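Inside the fold
Chain by chain, the residues:
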Amino acid sequence: MLEHIDTVIVGGGQGGLATSYHLTQQGIPHVVLEKKDRPAPTWEDERWDSFTLVTPNWSFRLPGAEYRGDRPDDFMSRDEIVARFRDYVEQYRLPLRYDTEVVSIERADEAQSLRVRTRDAGFLARNVVVATGLFQFPRLHPAASRLPSDIVQLHSSQYRNPSALPPGNVLVVGSSQSGCQIANELMSSGRQVYLSVGASCRLPRRYRGHDCTEWLERLGLWDKTADTLPSPNARFAPSPQLAGRHDGEDLDLHRFAAEGMRLLGHLENIVGDHIHLRDDLAENLEKADRLEATFLAAVDQFVQAKGLDAPAEHRPIRDEGYEVEPVRTLSLLREGISSVIWATGYGFDFGMVRFPVFDSDGYPQQRRGVTNVPGLYFVGLPWLHKQKSGLIAGVGEDAEYVASSISERAIRSRESVAIDSVA
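Residues numbered from 1 in each chain as written. Predicted model: local features only at pLDDT ≥ 70, side-chain atom pairs only at ≥ 80, totals over all residues. Heavy atoms only, no water.

A separate point is the overall build of the protein chain. Of the regular secondary structure elements, the protein chain holds eight helices and 19 strands. The C-alpha atoms of the protein chain give a radius of gyration of 23 Å, which matches the 22 Å a tight globule of 423 residues would have. The burial tally for the protein chain puts 52% of its 423 residues in the buried class. A separation of at least 24 residues holds for 71% of the contacts in the protein chain among residues at least 6 apart in sequence. Carbon and sulfur atoms make up 49% of the accessible area of the protein chain, which amounts to about 19,500 Å² in all. If you average the places of the 47 positive and of the 59 negative side-chain charges in the protein chain, the two averages end up 3 Å apart. (Helix = DSSP H or I, 4+ residues; strand = E, 2+ residues; numbered from the N terminus. Rg over C-alpha atoms; globule rule 2.2 N^0.38 Å. Buried < 20%, exposed > 50% of the residue type's maximum accessible area, 1.4 Å probe, protein only. Contact = heavy atoms within 4.5 Å. Areas by Shrake-Rupley, 256 points an atom, 1.4 Å probe, with all protein chains shown as cover. Lys, Arg positive; Asp, Glu negative; His and termini not counted. Charge placed at Lys NZ, Arg CZ, Asp CG, Glu CD.)

This brings us to unusual backbone geometry. Even without glycine at this site, R368 takes up a positive phi of about 55 degrees. The topology assignment puts R368 in the loop between strand 18 (346–347) and strand 19 (376–378). Located in the positive-phi region is W383, a residue other than glycine, with phi close to 60 degrees. Along the chain, W383 turns up in the loop between strand 19 and helix 8 (395–422).

On to the packing of aromatic side chains. Applying the stated rule across the entire model yields 15 aromatic pairs. Between the aromatic rings of Y21 and Y92, the centroid separation amounts to 4.9 Å while the plane-to-plane angle is 80 degrees, which identifies the pairing as edge-to-face. One end of the pair, Y21, is in helix 1 (residues 14–25); the other, Y92, is in the loop between helix 3 (78–91) and strand 3 (96–97), and 71 residues separate them in sequence. Consider the rings of Y88 and Y92, whose centres lie 5.5 Å apart with planes at 75 degrees: the pair is edge-to-face. On the accessibility criterion, Y88 (1% relative accessible area) is buried. Within the aromatic cluster, the residues linked to one another by ring pairs are F236, F348, F350, F358, Y363 and F378. Positioned over the ring face of Y363 is R235, at 3.9 Å from the centre of the ring. The ring of Y401 carries the charged tip of R368 above its face, separated from the ring centre by 4.2 Å. (Phe/Tyr/Trp six-rings, centres within 6.5 Å; stacked < 30°, edge-to-face > 60°. Lys NZ or Arg CZ within 6 Å of the ring centre and 35° of its normal.)

Looking now at the nonpolar core. Counting residues in each nonpolar core, the largest one holds 59 residues, and the members touching the most others are W43, V172, L186, L195, F256, L263 and I341. Of all the secondary-structure elements, those providing two or more residues to this core are helix 1, helix 3, strand 9 (169–173), helix 4 (177–188), strand 10 (193–196), helix 6 (253–258), helix 7 (281–306) and helix 8. Excluding its chain neighbours within four sequence positions, the residues that come into contact with L186 are Y159, P162, L165, V170, V172, R191, V193 and I341. Of all hydrophobic cores here, the second largest spans 27 residues; its members include V10, V130, F355 and V373. (Core = buried A, V, L, I, M, F, W, Y, C linked by side-chain atoms within 4.5 Å.)

Two side chains with opposite charge may pair up if their charged atoms get near one another. Here the structure, examined in full by the defined rule, presents 36 salt bridges. A salt bridge links R208 to D300; its shortest N-O distance comes to 2.9 Å. You can see R208 sitting in the loop between strand 11 (206–207) and strand 12 (210–211) and its partner D300 sitting in helix 7, a full 92 residues away along the chain. Accessibility expressed as a relative area gives 12% for R208, which makes it buried. Judged by its relative accessible area of 28%, D300 is partly exposed. A salt bridge links D359 to R235; the nearest nitrogen and oxygen atoms lie 2.2 Å apart. With D359 in the loop between strand 18 and strand 19 and R235 in the loop between helix 5 (212–218) and helix 6, this pair connects stretches of sequence that are 124 residues apart. Given a relative accessible area of 14%, R235 falls into the buried group. A network of salt bridges, in which partner residues are shared, links R202, D250, D252, D289, E292, E313 and R315. (Salt bridge = Lys/Arg side-chain N within 4 Å of Asp/Glu carboxyl O.)

Each strand in a sheet pairs with its neighbour through backbone hydrogen bonds, running either in the same direction (parallel) or in the opposite one (antiparallel). As summarised here, the arrangement of the five strands in space is 8-17-9-10-13, forming an open sheet in which the pairing is parallel. Of all the strands in the sheet, just strand 8 (152–155) and strand 13 (262–264) have a single pairing partner and so form its edges. Geometrically, the sheet is characterised by an average inter-axis angle of 20 degrees between neighbouring strands, direction not taken into account. Pairing between strand 9 and strand 17 (residues 337–342): five bridges, direction parallel. The partner of L171 across the bridge, within strand 17, is V340. Its contacts with the sheet put helix 4 on strand 9, strand 10 and strand 17, and the angle it makes with strand 10 is roughly 165 degrees. (Pairing = 2+ DSSP bridges. Axes fitted to C-alpha atoms, helices over the stretch in contact; angles between N-to-C directions.)

Moving on: helix 4. Under the 1.5 Å per step criterion, the end-to-end length of helix 4 is 16 Å for 12 residues, consistent within 8% with the ideal 16 Å. Burial analysis of helix 4 places nine of its 12 residues in the buried class, which makes it a mostly covered element. Where helix 4 is buried, its residues meet strand 9, strand 10, helix 6 and strand 17. G190 sits one or two residues past helix 4 and shows a positive phi near 105 degrees. (Expected span 1.5 Å × (residues − 1).)

For L17, the position within the fold is in helix 1. The spacing of L17 and A40 is 23 residues in sequence and 8.4 Å in space, taken between C-alpha atoms. If we ignore the near neighbours within four places in the chain, the residues touching L17 are G12, P39, F85, Y88, V89, L94 and L96.

What follows deals with the pairing of strand 1 (residues 3–10). In regular strands, side chains alternate between the two faces of the sheet. Burial analysis of strand 1 places six of its eight residues in the buried class, which makes it a mostly covered element. Where strand 1 and strand 6 (residues 122–130) come together, seven bridges link them in parallel fashion. Pairing of H4 across the sheet is with L124, part of strand 6. Sheet topology places strand 1 next to strand 2 (residues 30–33); four bridges connect them, and they run parallel. From the neighbouring strand, V10 faces strand 2, where its bridge partner is L33. Traced from strand 1 through helix 1 to strand 2, the parallel crossover comes out right-handed. (Right-handed = clockwise from strand over helix to strand, strands pointing away.)

See below:
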């Protein structure tokens, strides 16, 4: 038997909760279906022990729960993030149903309705908001299955702390945010770390007296819209090398090299206990250096144009990474590597949505979360509308727009019924 309700939100993470908040404020009956047993479970289940946000506390802008504390420039820990989401649900009495996994969203026989099927039951709704995010499952390198069985391997989402790994050296594959943060922590704990470097960009933690997040916002980069991207594929670019650090220290591959980390090129293949690597380390380092220099130049131009009180800062140019001898083949056994951490990102699959609303990459075709299927919406994805759409700092704007669209649709429906009854 199907339960009838106005709106179903699929996913109880930041996108689903923000949408639920706005629907609650507008008095629209709805339910949030979360497959785990608590809200926003990814923040607890898939983050390491020392994890913090890479954006300052002041940018925590979950609607109705914006940060108002006395540590605006600090970086929120994993446990505090988890507690804030839990309190958010309780404070606003958001209608979550846990342990409820959605398996399909399809057209119903009833006019203007969508059918949402779960493992155990189902719903008939006028509206469905898909808020499952883009980071749905760990993605491993294609060669991961060929790693020797005596090597411990785990995805970055499974890593917790250095002591949880067996004794020995560690290979980290992937050099965006997670890979660099984990590699840095392992090196600081005394481990010999090998880092397979990809083509990620780098941002400074602070520049000219301000956090880089503030510059991103003031420069309008966070508010860049999806139609400004050079190609649709650009929305999947890896996150920058950045960490939430109270000491302001940057994540810099050149510093890593100077402190003893072994930098490697992109991992291509695994044969026996040997990994085969591309000769592209210098190319990847140059890209990170160039993109950081471009960002700093943009800040300098902005400061000058606006006449801001932001003292000039001279940042020394580091080049230690370029001194690393290229390695094309490396023996895990000979190098004493006992663990491999795959910081290779996540995959996504919207196969539950039985409508042709996706592009060739599987990304939803929509405008600010509104698809061409009446009543079907998406929220909480990177570049859904703006660069910040997938961040806690920006998800509330899209959630509000989607909630308003749902409200307006209800008003149009009531007006149509009233006209028909008069006629």
